[in-house]
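# Remarks on the overall topology
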Amino acid sequence: MVDPTVAAEVRDMHGVDGRVIIVTGSGQGVGRGIAHHLGKGGASVVVAEWKPDTMQRTVDELTELGIPSLGVVCDINSHEQIDAMVAATVERFGRVDGIVNNAQTFRPMRPVATVPDSDFDVFYDSGVKGTLWAMQAVYPHMQKQQWGRIVNFASSMGITGGRGFAAYNASKEAIRGLTRTAAREWGADNICVNAIAPAAATHHGEAGKQSEGYRQFIENCPMGRQGDPELDIAPIALYLCSDAARYVTGHTMMADGGAFMWA
Ligand SMILES: NC(=O)c1ccc[n+]([C@@H]2O[C@H](COP(=O)([O-])OP(=O)(O)OC[C@H]3O[C@@H](n4cnc5c(N)ncnc54)[C@H](O)[C@@H]3O)[C@@H](O)[C@H]2O)c1
């Protein structure tokens, strides 16, 4: 029989109990699933979302479950709003231990030959700059406490250069570049910076279910299905926000049922 104190130490290492973690874009989809899972795991969760109605819905769901949360209407296209959201987090909870940079504004997917500048800017401002500004805003707090976890969002489309996704792929790969650079620069502060490339059944997944791409995905996915935001993707985010991930940084975790194991 293992000493209960030792068992508790191991359990604690694998959890997020007492942590304060921001999840951007947590009004729906993958972000909402992560907010629920982290909260059920004992974290206080900041729901940072630009749509007030879905932000409030997630906050109400967390409150119903007894999870401490703070809802902040925050457009990640705005440096000022991101700074204010992190300041509100620290004011409410006294600290920030982790951030999951999940939010991304989408435009219709276009190939390289025809992608308009305006769409490129939307993907870059919300994806790359939004992730950069959020990392910059939490860094001083994490550096001060010599502990932090940053989880960014990439895509298998970007990694594999999926046709027809020019601006999206460029922005998701730029996020991986930022992830690896910050991992190198902030490792000595015990701040781990990683990315997740998910394959999840969200409304984007639903929209594409009639497509050839979807059929190919299911055929090539060893698990034969898209991931559930809360049960398949969120546990990876929880792990990367836990103490157990203390020696993992600069990586991209493929939460895709093995579909892109060749990438
Ligand atoms: N679903 C997948 O299979 C899949 C695959 C690869 C990568 N991803 C990535 O995972 C993340 C989540 O994807 P999803 O499918 O849940 O998307 P989604 O569109 O369902 O959810 C995105 C959330 O972010 C919010 N948001 C959008 N722009 C925002 C902004 N400017 N400021 C604040 N909030 C904003 C939306 O309102 C929404 O709540 C994204 O980064 C996406 O690129 C998803």
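Let me begin by describing the structure that accompanies this report. (Residues numbered from 1 in each chain as written. Predicted model: local features only at pLDDT ≥ 70, side-chain atom pairs only at ≥ 80, totals over all residues. Heavy atoms only, no water.)

So, on to the sheet that holds strand 3 (residues 69–73). Within the open sheet, the seven strands sit side by side as 3-2-1-4-5-6-7. Their pairing is parallel. With one partner strand each, in any of the chains shown, strand 3 and strand 7 (252–255) form the two edges of the open sheet. Shown here is a sheet whose adjacent strand axes are inclined to one another by a mean of 20°, direction ignored. Bridging between strand 5 (residues 148–153) and strand 6 (residues 191–198) involves six bridges; their strand directions are parallel. The residue of strand 6 that forms the bridge with Ile 150 is Val 193. Against the sheet, helix 2 (residues 29–40) makes contact with strand 1 (20–24), strand 2 (44–49), strand 4 (98–101) and strand 5, and its axis sits at roughly 165° relative to strand 1, the strand it touches most. Across the sheet, helix 3 (residues 52–64) lies against strand 2 and strand 3, angled at about 180° from strand 3, the strand it touches most. (Pairing = 2+ DSSP bridges. Helix = DSSP H or I, 4+ residues; strand = E, 2+ residues; numbered from the N terminus. Axes fitted to C-alpha atoms, helices over the stretch in contact; angles between N-to-C directions. Contact = heavy atoms within 4.5 Å.)

The next point concerns the packing of helix 2 against helix 3. It is at 10 Å that the axes of helix 2 and helix 3 come closest, and there the two elements cross at 20°. Between helix 2 and helix 3, the angle falls in the class roughly parallel. Pair helix 2 / helix 3 crosses with right-handed handedness. Taken together, the residues of helix 3 that come into contact with helix 2 (itself represented by Arg 32, Ala 35 and His 36) are Thr 58, Glu 61 and Leu 62. A class-by-class count of the residues in the contact of helix 2 with helix 3 yields two nonpolar, two polar and two charged. (Parallel < 35°, antiparallel > 145°, perpendicular 65-115°, else oblique. Left-handed = near helix turned anticlockwise from the far one by under 90°. Nonpolar A, V, L, I, M, F, W, Y, C, P; charged D, E, K, R; others polar.)

Our next topic: the pairing of strand 6. With seven of its eight residues buried, strand 6 lies for the most part within the structure. Of the strand pairs in this sheet, strand 6 and strand 7 are connected by four bridges, and their pairing is parallel. From the neighbouring strand, Ala 195 faces strand 7, where its bridge partner is Thr 252. (Buried < 20%, exposed > 50% of the residue type's maximum accessible area, 1.4 Å probe, protein only.)

Let's shift gears to the site of the ligand. The immediate surroundings of the ligand are formed by 28 residues, with Gln 28, Glu 49, Asn 102, Tyr 168 and Thr 202 found nearest. Between an oxygen atom of the ligand and a side-chain N or O atom of Trp 50, the distance comes to 3.2 Å. In isolation the ligand exposes 820 Å². Once the protein is present, 94% of that is buried. Among the elements of the structure, helix 2, helix 7 (166–186) and helix 8 (203–207) are those that each provide at least two residues to the shell around the ligand. In terms of residue class, the shell around the ligand is built from twelve nonpolar, twelve polar and four charged. (Near = heavy atom within 4 Å. Polar contact = N/O pair within 3.5 Å; in protein donor to acceptor, adjacent residues only side chain to side chain. Areas by Shrake-Rupley, 256 points an atom, 1.4 Å probe, with all protein chains shown as cover.)

Where helix 10 (residues 229–241) bends most, at Pro 235, the angle is about 30°. Here helix 10 has its buried residues at Pro 229, Glu 230, Ile 233, Ala 234, Ala 237, Leu 238, Leu 240 and Cys 241. Where helix 10 is buried, its residues meet strand 1, helix 2, strand 4, strand 5, strand 6 and strand 7. N-cap assignment for helix 10: the residue whose side-chain oxygen lies 3.1 Å from the backbone N of Glu 230 is Asp 228. (Bend = angle between axes of the 7 residues up to and from the residue.)

Moving on to the pairing of strand 1. The buried fraction of strand 1 amounts to five of the five residues, a majority that puts the element mostly inside the structure. Side chains Val 20, Ile 22 and Thr 24 of strand 1 all project onto a buried face; the interleaved residues Ile 21 and Val 23 project onto the opposite face, where all are buried too. With five bridges connecting them, strand 1 and strand 2 associate as parallel partners. In the strand pairing of strand 2, Thr 24 is matched with Ala 48.

Located in the positive-phi region is Gln 146, a residue other than glycine, with phi close to 50°. Among the structural elements, Gln 146 can be located in the loop between helix 5 (117–145) and strand 5.

Among the structural elements, Glu 185 can be located in helix 7. Put simply, Glu 185 and Glu 61 are 124 residues apart on the chain and 37 Å apart in space, counted from C-alpha to C-alpha.

Glancing now at the side chain of Asp 256. Along the polypeptide, Asp 256 turns up in the segment after strand 7. Salt bridges are absent for the buried Asp 256, whose nearest opposite-charge side chain, Arg 225, sits at 11 Å. A distance of 2.9 Å separates a polar side-chain atom of Asp 256 from the backbone nitrogen of Gly 258. Contact partners of Asp 256, with chain neighbours within four places excluded, come to Ala 197, Ala 199, Phe 217, Cys 221 and Met 261. (Lys, Arg positive; Asp, Glu negative; His and termini not counted. Salt bridge = Lys/Arg side-chain N within 4 Å of Asp/Glu carboxyl O.)

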